[in-house]
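Residues per chain are reported as follows:
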Amino acid sequence: MKKLLSLLLVLMLAATVLVAPTFAEDAKQVIVTSIQDDPEEMDPTRNSYARSSRVLQNLFVGLYKLDADGTTYVPALADSVEISEDNLTYTFTLKDGLKWSDGSDLTAYDYEYSWIRTLDPESRTNSDLWVIKNGEKYSNGEATADEVGVKALDEKTFQVELETLTPWFLSLTATTAYFPVSKANCEANEKWTSDVATYVCDGPFMLQEYSSLNRLVLVKNPNYYDADKVQIDEVQFVVIADSTAALTAYNNDEINVNSDLSADALNQYMGTDEFFTKGRIGIQYCDFQCLLPEFSDKRVRQAFAMAIDRQAMLTALGIIEPPVFGFVPYSQMSLTDPSKTYREVAGDMFTEDVAAAQQLLADAGYPNGEGFPTVELVCKNDTQQKLMMQILGEFWKTNLGINYEIKTLESSVYWDELAEGHFSVDRNGFTCDYMDPSAHLKIFIDGSNASENQWDDAVYSQMYRDSLQLTDPAEREAAIIELEKYLTDEMPGMPVYSYELQYLVKPNVKGVIANAIGHFFFEYATVE
């Protein structure tokens, strides 16, 4: 272990430094924050990416939104909502005089159009709306659009029927997949997101400039329903690919909000009034390509998951987020005991045990790694990600006798390559859209938008659906715990650590809030 840890320290020296861009100061109230790369998707009805969501949450708003306290969801475009006695039908009345950023009217018909659009079979985010009646069937070609439970009754009234009980539904309407897009604009401009001139939104800010691999500039939207309360004139998302460069930019006052924190940033700012942390409802994990013969055996997948030292790796990477031994993060609260987290109730689902991992690999036909193909570890072309994969590879080589090679991909092709199955083990992660333990287990059901591991299991999918039918919190939590045990035993992916959002905000910037997903909201911010 000492030899391995020494290697980890050597690997840490591989970090590179990039130079951050500089920006002239402006008399306007301006927020400047870093983003590691271009947003992957600028259409909210097609978006399933965390980086894109950071931008989209400031360009769009839904029926509900996060309040300034950072925890409460309040009506946004919705003026009121009536909920049926069986809690399956929601009838929203929209506020008067709603406008798109181009000044055109925003109506309930835009909502009907948008949610059907999100449920399209080709949409990456269609499973996010499967709580809607016949939503999944429509995505699978088994129902028509008219049979989906969304209907504009008139210009101001939008009715939604749910497939199953969804206590967190109102908070879902504040997530990107549930945002509206302009029906008229989308139908007139198929590629409306590719040009600032045709980019129409409804949030507190609108897109003024988008220079690929440079920055995005958002300015206050005068047609926003609550525009009088927005004090920030401009938000700049500056592309800085490296956390070391982001720290330099922050120290040089070139950015005033930074969430890409290096180990040096943590050492410099942790414990100061500029450092903030918030639990996130997500985990970092690695997929196993389950269609490969060597990873089709769950004993192999279990062995790989058990043969590493997560805490040693995170320490070497300068990551202060905690290792996790299940698929539900620490920030998720229990359904039955408000004083405890779900993880405290459910406990760890597996343990790290090198000897047991070696036995599992031998039982699968690969004693000491003999005959096991070289493992292709795939990650983005990012310093920390490459280092993480190298550390994992060394653990598996030392403890299991496995040879490995690392392949890096640019962000623009990364997810497409994973979707095609071009990897043995990848680096992945998810952040859920709502606070419920079922959210973290939903992404592994058949047909989910997180299917890179190519693992489909009808038993698991049915267990998940059955858990949603339970109304008693204790029964539902017990069912979810059994569901997570089943998933962890199958181990299509390997949990690594539980997400936390750590970020820096300059002392003269007030009112920046972040949600449990890890997205910043600048609607309530001011710059003194």
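Residues numbered from 1 in each chain as written. Predicted model: local features only at pLDDT ≥ 70, side-chain atom pairs only at ≥ 80, totals over all residues. Heavy atoms only, no water.

Asker: Looking at this model, I keep getting lost on the confidence of the model for the chain. Mind explaining?
Answerer: Low pLDDT means the predicted atomic positions in that stretch should not be read closely. With 95% of its residues at a pLDDT of at least 70, the chain reaches an overall mean of 91. This model gives residues 1-25 a pLDDT under 50, and the stretch forms 37 contacts once residues within four places in sequence are excluded. (pLDDT = per-residue confidence, 0-100. Contact = heavy atoms within 4.5 Å.)

Asker: Is there a simple way to explain the pairing of strand β7 (residues 157-161) in this structure?
Answerer: Regular strands place side chains that alternate from one sheet face to the opposite one. When strand β5 (residues 89-94) meets β7, the two strands line up antiparallel, connected through five bridges. Bridge pairing in β7 places T91 opposite Q159. Direction of pairing for strand β6 (residues 150-154) relative to β7: antiparallel, over a ladder of four bridges. Bridging across to β7, D154 finds its partner in T157. (Pairing = 2+ DSSP bridges. Helix = DSSP H or I, 4+ residues; strand = E, 2+ residues; numbered from the N terminus.)

Asker: I tried to follow the sheet that holds strand β4 (residues 78-83) on my own but got confused; where do I start?
Answerer: The pairing of strands in a sheet happens through backbone hydrogen bonds and is either parallel or antiparallel. Strands sit in the order β4-β5-β7-β6 across an open sheet of four strands; the sheet is antiparallel. Sheet topology places β4 and β6 at the edges, where each strand pairs with a single neighbour. Taking the axes of each pair of neighbouring strands and ignoring which way they run, one obtains an average angle of 20° across the sheet. On the sheet, helix α3 (residues 108-118) packs against β5, β6 and β7 and is oriented at approximately 170° with respect to β6. (Axes fitted to C-alpha atoms, helices over the stretch in contact; angles between N-to-C directions.)

Asker: Which parts of the structure should I look at to understand the side chain of T176?
Answerer: Structurally, T176 can be placed in the loop between α5 (169-172) and α6 (183-188). Using a relative accessible area of 8% as the deciding quantity, one classes T176 as buried. Polar side-chain contacts of T176 include one of 3.3 Å to the side chain of N47. Contact partners of T176, with chain neighbours within four places excluded, come to P44, T45, N47, S53, L56 and Q57. (Buried < 20%, exposed > 50% of the residue type's maximum accessible area, 1.4 Å probe, protein only. Polar contact = N/O pair within 3.5 Å; in protein donor to acceptor, adjacent residues only side chain to side chain.)

Asker: I'm lost on the sheet that holds strand β13 (residues 375-380) in this one. Help?
Answerer: Read across the open sheet, the three strands follow the order β14-β13-β15; overall the sheet is parallel. With partners counted over all chains shown, the strands left at the sheet margins are β14 (404-409) and β15 (425-426), one partner each. Sheet topology places β13 next to β15; two bridges connect them, and they run parallel. Within the sheet, the bridge partner assigned to L377 lies in β15 and is V425. Its contacts with the sheet place helix α13 (residues 383-400) against β13, β14 and β15, and it is angled at close to 160° to β13. The strands touched by helix α14 (residues 411-419) within the sheet are β13, β14 and β15, with β13 carrying the most contacts at an inclination of about 140°.

Asker: Could you clarify how one ought to interpret empty space enclosed by the protein in this entry?
Answerer: Applying the stated criterion to the full structure yields two cavities of 30 Å³ or more. By volume, the largest cavity is sized at about 100 Å³. Taken together, the elements giving at least two residues each to the lining of the largest cavity come down to α2 (50-59) and β2 (64-66). Here the element with the most residues in the lining of the largest cavity is β2; it accounts for three residues. Taken together, the residues of the lining of the largest cavity sort by class into eight nonpolar, three polar and two charged. (1 Å grid on protein atoms, 1.4 Å probe; cavity = no way out; pocket = protein on both sides within 12 Å on 5 of 7 lines; lining within 4 Å. Points joined across faces, edges and corners; volume = space filled by probe spheres on them. Nonpolar A, V, L, I, M, F, W, Y, C, P; charged D, E, K, R; others polar.)

Asker: Help me understand the state of the cysteines, please; the structure alone is not making it clear to me.
Answerer: Linking two cysteines covalently via their sulfur atoms produces the bond known as a disulfide. In total, this model carries zero disulfides according to the counting rule given. The thiol sulfur of C379 is not disulfide-bonded, and the nearest other cysteine sulfur, from C286, lies at 9.7 Å. Judged by relative accessible area, C379 falls into the buried class, the value being 0%. (Disulfide = S-S within 2.5 Å.)

Asker: Explain the packing of helix α16 (residues 458-468) against helix α17 (residues 473-490) to me, please; I cannot follow it from the model alone.
Answerer: When two helices pack together, their arrangement is given by the angle between the helix axes and the distance between those axes. With their axes 9 Å apart at the nearest point, α16 and α17 run at an angle of 165° to one another. Here α16 is positioned roughly antiparallel relative to α17, judged by the angle of their axes. Crossing of α16 against α17: the hand is left-handed. Residues V459, Y460, M463, Y464 and S467 of α16 lie in contact with α17, whose contacting residues are R476, A479, I480, E482, L483, Y486 and L487. (Parallel < 35°, antiparallel > 145°, perpendicular 65-115°, else oblique. Left-handed = near helix turned anticlockwise from the far one by under 90°.)

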